Amino acid sequence: MEFLDLPQLLSAAGTVRLPGSKSISNRVLLLAALADGETEVRDLLASDDTSRMLEALQALGVGVTALGQEAWLIKGCGGKFPVRQAELFLGNAGTAFRPLTAALALAGGDYVLKGVARMHERPIGDLVDGLRQLGADVTYLGNEGYPPLHLKPASIRPEGAVKVRGDVSSQFLTGLLMALPLLGETVAVDVVGELISKPYIEITLATMARFGVVVEREGWQRFTVRAGSRYVSPGTVYVEGDASSASYFLALGAIGGGPLRVEGVGRDSIQGDVKFAEALAAMGAEIEMGPNWMEARAPQGGLLAVDLDCNHIPDAAMTLATTALFAKGVTTLRNIASWRVKETDRIAAMAAELRKLGAEVEEGEDYLRVTPVTRLASPPEGIDTYDDHRMAMCFSLAAFATPLRINDPKCVAKTFPDYFERFASVTRAAPVIAIDGPSASGKGSVAARVATELGFSYLDSGALYRLTALAARRAEVDWADEAGVAAIAAELDVEFIGEDILLGGIAVGDAIRTEEMSAGASKVAALPTVREALLFRQRVFNAAPGLVGDGRDMGSVVFPQAVLKVFLTASAEVRADRRYKQLINKGFSANLPDLLADLRQRDERDSQRSVAPLRQEADARLLDTSALTIEEAVRQVLDWTAEAMK
Ligand code: DC
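Now for a description of the structure that goes with this document. Residue numbers run consecutively from 1 along every chain, following the written order of its sequence. Thresholds applied to this predicted model are a pLDDT of at least 70 for local features of residues and 80 or more for the giving and counting of side-chain atom pairs; totals over whole chains, interfaces and linings are not thresholded and use all residues. Calculation of side-chain values draws on the structure's entire complement of heavy atoms; hydrogens and water are dropped beforehand.

**Brief notes about the sheet that holds strand E30 (residues 506-507)**
Turning to step 1, where the next piece is worked out: Here, any two strands with at least 2 DSSP bridges between them count as paired. Only DSSP runs of H or I with at least four residues qualify as helices, and only runs of E with at least two residues qualify as strands; both kinds are numbered from the N terminus onward. Read across the open sheet, the three strands follow the order E28-E29-E30; overall the sheet is antiparallel. Each having just a single partner strand, strand E28 (494-497) and E30 make up the two edges of the open sheet.
Turning to step 2, where the next piece is worked out: Where E28 lies against strand E29 (residues 500-503), four bridges are found, and the strand directions are antiparallel. When the sheet's bridge partners are listed, Ile-497 is paired in E29 with Asp-500.
Turning to step 3, where the next piece is worked out: Throughout, a contact is declared for two residues whenever any of their heavy atoms are within 4.5 Å. Axes here mean lines fitted to C-alpha atoms, for a helix over just the part in contact, with angles spanning 0 to 180 degrees between N-to-C directions. Strands E28 and E29 of the sheet are contacted by helix H14 (residues 461-474), whose axis makes an angle of about 35° with E29.

**With respect to the pairing of strand E9 (residues 149-152)**
Turning to step 1, where the next piece is worked out: Of the strand pairs in this sheet, strand E7 (residues 110-114) and E9 are connected by three bridges, and their pairing is antiparallel. Opposite Tyr-111, over in E9, you have Leu-151 as the bridge partner.
Turning to step 2, where the next piece is worked out: Examined bridge by bridge, strand E8 (residues 137-140) and E9 share four bridges and lie antiparallel to one another. From the neighbouring strand, Val-138 faces E9, where its bridge partner is Leu-151.

**Describing unusual backbone geometry**
Turning to step 1, where the next piece is worked out: With an omega of 0°, the peptide bond running from Pro-147 to Pro-148 counts as cis.
Turning to step 2, where the next piece is worked out: Structurally, Pro-148 is set in the loop between E8 and E9.
Turning to step 3, where the next piece is worked out: Along the chain, Ala-544 connects to Pro-545 via a cis peptide bond; the corresponding omega equals 0°.
Turning to step 4, where the next piece is worked out: The residue Pro-545 is located in the loop between helix H17 (528-539) and strand E31 (547-551) in this model.
Turning to step 5, where the next piece is worked out: The phi dihedral of Ala-440 falls on the positive side, at around 60°, and the residue is not glycine.
Turning to step 6, where the next piece is worked out: Mapped onto the elements of the fold, Ala-440 is located in the loop between strand E26 (432-436) and helix H13 (443-454).

**Regarding helix H3 (residues 94-107)**
Turning to step 1, where the next piece is worked out: The end-to-end C-alpha separation of H3 is 20 Å, in line with the 20 Å expected for 14 residues at 1.5 Å each.
Turning to step 2, where the next piece is worked out: Between buried and exposed lies partly exposed: a residue is buried under 20% and exposed over 50% of the maximum accessible area for its type, with that area taken using a 1.4 Å probe on protein chains only. By the criterion of burial, H3 is predominantly enclosed, with 14 of the 14 residues buried.
Turning to step 3, where the next piece is worked out: Backbone geometry just downstream of H3 places Gly-108 in the positive-phi region, at approximately 90°. Each residue after the first adds 1.5 Å to the expected span of a helix.

**A few points about the sheet that holds strand E25 (residues 427-429)**
Turning to step 1, where the next piece is worked out: Read across the sheet, five strands follow the order E16-E17-E15-E2-E25 without closing on themselves; strand pairing throughout is mixed. Among the strands making up the open sheet, the edge pair consists of strand E16 (286-290) and E25. Each strand axis lies, on average, 20° off the axis of its neighbour in the sheet, ignoring direction.
Turning to step 2, where the next piece is worked out: Here helix H7 (residues 243-256) sits on the sheet in contact with strand E2 (9-17), strand E15 (257-263), strand E17 (293-297) and E25, set at roughly 160° to E15.

Structural data, given as structure tokens:
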């Protein structure tokens with residue numbers, strides 16, 4: 001599985017221009033396709049969900065032309081799709097599936113609508129029931145009440161008001177409303193049950209109005225589309241920035257200091273999720289707003305927990321669940337039952353992953369309660385994202401507490417393909433100083449002293465390979481048995497406490513420093529799966545306030561983002577001599593020519609292996625210590641560090 005390892009974050013500030021809103025993008029595309037005339041859609045969101053809609057419209061014979069820079073020209077078909085028979089694949093895009101179902105069922109034609117497996121678990125029965133009341137011919141091809149669907153031509157006869165349930169997903173009402181102008185007659189829709197996610201209906205009504213259809217509304221109960229309503233292209237439409245996507249950056253500012261500004265949505269937005277800013281303000285964050293921007297800063301005394309009805313901001317409210325990790329007190333998010341029928345069961349998923357971090361979570365049918373802990377633990381297996389873009393984005397916030405592994409991070413492509421690049425551009429992570437070099441070059445002593453001078457933690461990555469070799473030897477696993485050694489590396493029960501290294505709770509002392517373990521470490525370090533198993537163990541050291549790591553691949557593989565990379569070396573003779581003195585001082589017997597030969601052999605193996613070979617990276621600075629004292633070498637690294645962190 002692909003993963004992304006995030007270092008611990010120290011702060012967040014800056015400006016992000018948001019990608020287009022998913023909800024508005026897909027509504028605008030469909031209405032532009034149904035309208036009379038051509039529409040130029042600007043700032044369209046480039047994502048999986050909008051790609052599914054564009055592909056579907058093309059398959060239906062609608063003229064779709066990319067104009068570049070997220071602008072598209074849509075040739076409206078005046079309510080009649082040119083292709084009357086088609087099979088459409090809509091992925092996991094609810095904002096494409098529901099409205100297209102309604103439009104195609106009422107427009108007439110023979111269509112099959114399918115999606116990914118999860119789409120087939122998301123209910124659509126309430127919408128189908130509404131369409132059937134109008135005479136539409138819809139059959140379930142799988143389970144009753146769920147996609148895939150088969151739509152066939154039928155005579156549509158609007159009689160009286162259509163009843164549709166509004167308490168499972170507001171997208172059913174949205175789909176129906178957007179399709180009704182195709183009938184050309186007056187039709188009323190009565191909502192049964194309490195309508196949820198009302199702000200999404202507001203987006204629907206505002207977008208329909210932009211295309212010339214005004215829906216009459218009586219409270220949130222009855223909606224009427226009048227005879228003679230027709231969609232007409234407004235010419236050019238600019239899609240607002242995505243207010244749900246804004247939530248992650250506002251939260252970053254509220255947790256990580258700020259000011260963090262998002263551009264593309266603000267006070268004048270038609271998206272309900274801008275109200276997320278109010279929820280954040282209720283947690284104490286300082287919020288400022290302009291017509292099309294918002295900005296968040298952390299409050300003086302830290303964030304406070306809230307108890308909030310989140311029905312009006314179902315998507316953005318997920319961001320509150322991980323923000324709650326940084327708030328004083330117990331946060332309760334209420335009235336969020338719709339989370340259970342989204343990309344995944346979001347209540348269950350959120351609860352499971354928050355618990356992995358150590359938070360205390362109570363989960364109800366329609367609520368979530370989060371109690372933060374002072375020290376969050378980073379699960380070695382990573383945070384799972386359930387093919388849900390919002391899970392991945394929400395959990396990126398947890399990196400303020402601990403370095404973190406996010407599994408399948410590319411799921412963000414559903415709505416925000418370059419989320420993590422933007423995230424990196426406005427956050428500052430705990431810095432790493434990477435010191436690589438051959439055995440006995442003195443990098444360990446230099447790295448440890450630099451760490452002490454800076455008040456950073458220190459990672460002796462070679463020790464992990466030595467411990468793996470030792471643990472394999474104790475378990476009688478051969479150093480050449482890759483799977484066996486990798487399993488040991490993955491399970492290594494190791495703790496670094498000050499200068500001591502504990503294996504299975506017992507200090508190993510010099511048992512990992514013998515020549516035999518040096519050779520063993522070099523052998524197991526050449527095994528790719530062993531290196532993989534030790535990767536995240538090393539990355540969790542990338543915590544506040546900073547880290548000095550020494551090894552062979554600190555700068556190339558483990559911490560490629562290091563602020564300073566040093567390749568620290570010395571001639572083989574000098575290194576053999578240093579090692580000799582070290583061993584003699586510790587009371588071991590040693591032979592200089594043998595040491596030199598062993599060292600050369602290990603250099604050869606470490607630099608010739610196929611994975612993460614020892615070599616000076618192009619961006620690493622060379623420090624030859626053959627003629628330097630440790631103090632001189634430390635001074636040089638500290639000078640370089642000061643320069644790099646300026
Ligand atoms: O730095 P050291 O001598 O303690 O390292 C022991 C062995 O582990 C060495 O032969 C190479 C390997 N190693 C590695 O491959 N990658 C690292 N980052 C650190 C050590």
